[in-house]
Amino acid sequence: MLRPAFKRGPNMPIRIVGSSQQSMIRPAQIFRRTSHWTALFLLTLGSPALAVEVERPKAVRKLVLVGGGDHPRQATEKFLQWADGDPIEKKPMKVAIIVWQTSLPAQSFQSYRDEYIPVLKEMGKKEEDYKIYASPTRAEMLTAIAAGKAQEVEKNFRLQLKDTTAVFFSGGDQAEGVKVLKAYPGIAKALREMYEHGVVFGGTSAGTALMSNPMLMGDDFDPNKFTLEDGFGLLPPEILVDQHFLKRKRKHRLGAMMLKGHIPTGVGVEEDGAIAIENNRYLTVLGDKVATVLNNHLDTSLEAMDEIRLTAGQQYDLRTHRRSGLPQPGETASAARPVQAPMPNSTPDTHSYR
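Overview of the structure. All figures in this text were calculated on a predicted structure; none of them were measured in a lab.

In this section: the overall build of the protein. On a plain count of helices and strands, the protein comes out with eight helices and 19 strands. Across the 354 residues of the protein, 49% fall into the buried class. Per element, the accessible surface of the protein, about 17,400 Å² overall, is 52% carbon and sulfur.

Shown next as structure tokens:
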């Protein structure tokens, strides 16, 4: 018989199965989690044994997307707080930096360490509490294919990814990052599965752009060079993301590609700004830069799209197109409508190596 392994959790619901009817109870104690997030045990009550299943909420899919440039402090804090993992089964934080997009992988990786470590210290973390590591470089992964060593490289990297709690895609050229993902479909699949199981993902600039599929590419000012390409696609195809949005005047680019691809929702993340997205739906603005949402509800023209500007702390439901938080200038407080909390359940930026 299994014994209780940790303290009381009176609010954790339990479903009783195997009796004449199923029922829910709130136990006096909860039990050590298994690899499937479920604790099962048998109770003998002088009658057939009852299987008791501890119900746990589904993992929340979590993204932190930076628009390029400097990372807002709030974005770094949110990313690392989410990376801290599960409060019940504590494991060291493990952060992977994907450097396939950048032509300066060593410098890029070091810049993230320099950014993260002071925040981790403020969180009370010691060196043994976390690990920050870089992916193999783009050159290493692509030359391994020509040398017949791709299987070995993939195996080693997937071992590195084991127990990783957060993954961040650097800036650079999003097409180069996608090139590696296409060359290693097993790695791409493993990363997507990690996202679906609650590992936090993030990106900046090119690393933000490739979260869409299709993914936006093209010259900022030449509509003939706007294109939609295959992206990594952690976000659903109904959402198209652009970065450096207001700084580089990319509203026309984003809107044009939404019309071309019949994409209902566009998100523009400003340079030096960031957003968090939970469950591919609930957006929160991080930092003091504006985020922009385009609602292509008519799918007829850029002028017919609703443009929503979101300021620091505001939230937005990308499915219902409702927002909450601080009101926009000129709005009353009641105009900022509530967003229900999540239920348990591009142009290469080669000037920037981050």
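Let us look at the packing of aromatic side chains. A complete count under the given rule lists nine aromatic pairs for this structure. Taking 5.4 Å as the distance between ring centres and 80 degrees as the angle between the ring planes, the aromatic pair formed by Phe-79 and Phe-168 counts as edge-to-face. Separated by 89 residues along the polypeptide, Phe-79 in helix 1 (residues 73–83) and Phe-168 in strand 8 (residues 166–169) bring together distant segments of the chain. Comparing Phe-79 with Phe-168, the two get one shared label, buried. Between Phe-169 and Phe-232 the ring centres are 5.6 Å apart and the planes differ by 40 degrees, which places this aromatic pair in the tilted class. Of this pair, Phe-169 sits in strand 8 while Phe-232 sits in the loop between strand 11 (227–229) and strand 12 (239–243), and the two are 63 residues apart along the sequence. The class of Phe-169 is buried, set by a relative accessible area of 0%. We classify Phe-232 as buried; its relative accessible area is 1%. One aromatic cluster is present, formed by Trp-100, Phe-157, Phe-169, Tyr-195, Phe-201 and Phe-232 through successive ring pairs. Lys-131 extends its terminal NZ or CZ atom over the ring of Tyr-133, reaching a point 5.7 Å from the ring centre.

If you walk through the whole model with that rule in mind, you get 13 salt bridges. In this structure, the salt-bridge partner of Glu-122 is Arg-73, at a minimum N-O distance of 2.3 Å. Of this pair, Glu-122 sits in helix 2 (residues 105–122) while Arg-73 sits in helix 1, placing them 49 residues apart in sequence. The exposure class of Glu-122 is exposed, given its relative accessible area of 60%. We classify Arg-73 as partly exposed; its relative accessible area is 37%. Residue Asp-230 pairs with Lys-182 through a salt bridge whose shortest N-O separation is 3.0 Å. Here Asp-230, found in the loop between strand 11 and strand 12, pairs with Lys-182, found in helix 5 (residues 174–183); they are 48 residues apart in sequence, far enough to count as distant. What makes Lys-182 exposed here is its relative accessible area of 53%.

A word on the environment of Val-153. Mapped onto the elements of the fold, Val-153 is located in helix 4 (residues 150–161). Excluding residues within four positions of it along the chain, Val-153 makes contact with Met-141, Ala-144 and Tyr-184.

All right, on to unusual backbone geometry then. Note the cis peptide between Asn-213 and Pro-214, where omega equals 10 degrees. Mapped onto the fold, Pro-214 is located in the loop between helix 7 (206–209) and strand 10 (215–217). The backbone of Lys-249 shows a phi angle near 50 degrees, a positive value even though the residue is not glycine. One can find Lys-249 in the loop between strand 12 and helix 8 (251–261). On the basis of relative accessibility, which here comes to 63%, the residue Lys-249 falls in the exposed class. Here Asn-280, not a glycine, exhibits a phi torsion of approximately 55 degrees, which is positive. For Asn-280, the position within the fold is in the loop between strand 14 (274–278) and strand 15 (282–286).

What follows covers the nonpolar core. If you look at soluble globular proteins, the nonpolar side chains tend to sit buried side by side. One finds Trp-100, Phe-169, Leu-191, Phe-201 and Phe-232 to be the most contacted residues of the largest nonpolar core, which totals 45 residues. Here this core takes five residues from helix 6 (residues 185–196), the largest share from any one element. The contact partners of Phe-232, leaving out residues within four places of it in the chain, are Phe-169, Val-178, Leu-181, Ala-188, Leu-191, Arg-192, Phe-201, Leu-210, Met-211, Ser-212 and Asn-213. In terms of nonpolar packing, the next biggest core, distinct from the first, is built from 25 residues, Trp-82, Val-99, Phe-109 and Ala-274 among them.

Attention now goes to the sheet that holds strand 15. Backbone-to-backbone hydrogen bonds join strands into a sheet, with any given pair of strands oriented parallel or antiparallel. Pairing in this open sheet of nine strands is mixed, and the strands run 7-6-8-9-5-14-15-18-19 from one edge to the other. Each end of this open sheet is capped by a strand with a single partner; those strands are strand 7 (130–134) and strand 19 (322–324). The average angle at which neighbouring strand axes cross in this sheet is 20 degrees, direction not considered. The pairing of strand 5 (residues 62–66) with strand 9 (residues 200–204) spans four bridges and is parallel. Bridged to Val-64 within strand 9 is Gly-202.

Reading guide: rules and limits
Residues numbered from 1 in each chain as written. Predicted model: local features only at pLDDT ≥ 70, side-chain atom pairs only at ≥ 80, totals over all residues. Heavy atoms only, no water. Helix = DSSP H or I, 4+ residues; strand = E, 2+ residues; numbered from the N terminus. Buried < 20%, exposed > 50% of the residue type's maximum accessible area, 1.4 Å probe, protein only. Areas by Shrake-Rupley, 256 points an atom, 1.4 Å probe, with all protein chains shown as cover. Phe/Tyr/Trp six-rings, centres within 6.5 Å; stacked < 30°, edge-to-face > 60°. Lys NZ or Arg CZ within 6 Å of the ring centre and 35° of its normal. Salt bridge = Lys/Arg side-chain N within 4 Å of Asp/Glu carboxyl O. Contact = heavy atoms within 4.5 Å. Core = buried A, V, L, I, M, F, W, Y, C linked by side-chain atoms within 4.5 Å. Pairing = 2+ DSSP bridges. Axes fitted to C-alpha atoms, helices over the stretch in contact; angles between N-to-C directions.

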